[in-house]
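Structure assessment
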Amino acid sequence: MLPVSARWQNWARTESSRPATVIAPETIDHVVRAVERARETGHTVKPIGASHSFTAIGATDGIRIELDRMQGMVSADLARGRVTLWGGTRLWQLPDILDPLGLALENMGDIDRQTITGATQTGTHGTGLGYGGLASRVVGATLVTGTGEVLTVDEAENADLLPAVALGLGALGVLVTVTIQCVPSYLLHAVEAPVPFEEVLESYEQRCRDSDHFEFYWFPHTEGTRTKTNTRMPVAAGAEPLGTVSRFVDEELVNNAALGGLVSFERWVPRSTPALNRMIEQVSSRRSYRDLSHRVFVTRRRVRFREMEYSVPLEAVPTALRELRALIERRDYRVSFPIEVRAAAADDRLLSTASGRESGYLAVHRYFRDPDREYFREAEAVLAAHDGRPHWGKMHTQDAASLSGRYPGFERFLEARDRLDPDRVFANPYLRRVLGA
């Protein structure tokens, strides 16, 4: 167990804190001792993943626990397609773990920098109306509770806690292992194509139902969208991946170098934004490729940005996006980053943004050096008015009073919190705001 002192900062550079102590445990017993130490000294504890967040969910002035020394596979149950991972395992490490077993994650988002615990605890999701977020595939966990107890949660032990623990915001304990229900390895056939704005909105729900995975991006100030439709295929169908040069041009030159240069320029010359966005729209073209799932889901994102994402009922997506467009035009906002639109299946996780309902997701972004947050405040009002639920790891201003009525299982989650962390060892200002004291 290695204690150090270091300032914490999230990936988006929106939040920071200075913990009293940082501990890097190597065993479950080390985690137990860290929690016991916190209780003895009156400190709080905050387990932290990769900090790829936009909120202060990982902030603490107490003891920060980093799980970097607890990575990799603990065990595999191939008969049931399940893999148990140490909590500090990064998503980008999973292909090397799962591929040799003939397994894959059922779904992924487009960023793989997070830890498996950070991603599941904050409700990270991908897109696909038949597939839930990562936390919906958690079938077991080992956690150290706020009293220092080591607790197993799965179908056989403490099963009633699983809907809370699988997506627990770090408020219920330190998840030292997580068991994930996987699926056999598969390919995705990706088709990317430009589609007019109104056309994609009029057909949005049908596209989601007709496709395994559908999403689109809309650059404000333009009349078109960039759609991506992924169809699942067996590995035996054979991959037809993007060429090395094509992938480099798309991911590094276009998505990172060119985008970074454009948004930096637009920051100083905001009047150029509409014209530059329309230029990006005009060069958008159709392409098709087929590859292993993780190579299609994931995109390298090196340009830092700020993000707010809300889940709304699936049928509300077209209206909400039209209202966001009207807001941008009415207030004459110059927005260089696109709005991303996705979907997910209903699930039973108590604090999942898709808990109990099929959900559409709208994510708004701004360049991380842009100081203007008025756009986020007004966009949030639009999305919240559609019974919106904010992503726990992305920017929002909601509190326990406004959130409790949006989640059918909110009170059950608070009961689990009282049971697992009665003394609020894992509390921090963010959790006090969204869950209450």
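This report concerns the structure included in the present document.

Quick notes on the rules
Residues numbered from 1 in each chain as written. Predicted model: local features only at pLDDT ≥ 70, side-chain atom pairs only at ≥ 80, totals over all residues. Heavy atoms only, no water. Pairing = 2+ DSSP bridges. Helix = DSSP H or I, 4+ residues; strand = E, 2+ residues; numbered from the N terminus. Axes fitted to C-alpha atoms, helices over the stretch in contact; angles between N-to-C directions. Buried < 20%, exposed > 50% of the residue type's maximum accessible area, 1.4 Å probe, protein only.

What follows concerns the sheet that holds strand β8 (residues 82–86). Strand order across the open sheet formed by five strands is β7-β8-β12-β10-β11, with antiparallel pairing between neighbours. Where the open sheet ends on each side, the last strands, each with one partner, are β7 (73–77) and β11 (150–154). On average, adjacent strands in this sheet sit at an angle of 15° to one another, irrespective of strand direction. By the bridge criterion, five bridges tie β8 to strand β12 (residues 174–181) in an arrangement that is antiparallel.

Regular strands show a simple pattern: their side chains alternate between the two faces of the sheet. Burial within strand β10 (residues 138–144) is extensive, with seven of its seven residues counted as buried. Inspection of the sheet shows β10 paired to β11 by five bridges, in the antiparallel sense. Along β11, the bridge assignment pairs Val144 with Val150.

Of note, Arg13 is a non-glycine position whose phi angle comes to about 65°, a positive value. Here Arg13 lies in the loop between β2 (8–9) and β3 (16–17). Even without glycine at this site, Asn158 takes up a positive phi of about 55°. In this structure Asn158 comes out as partly exposed when scored by relative accessible area, which is 23%.

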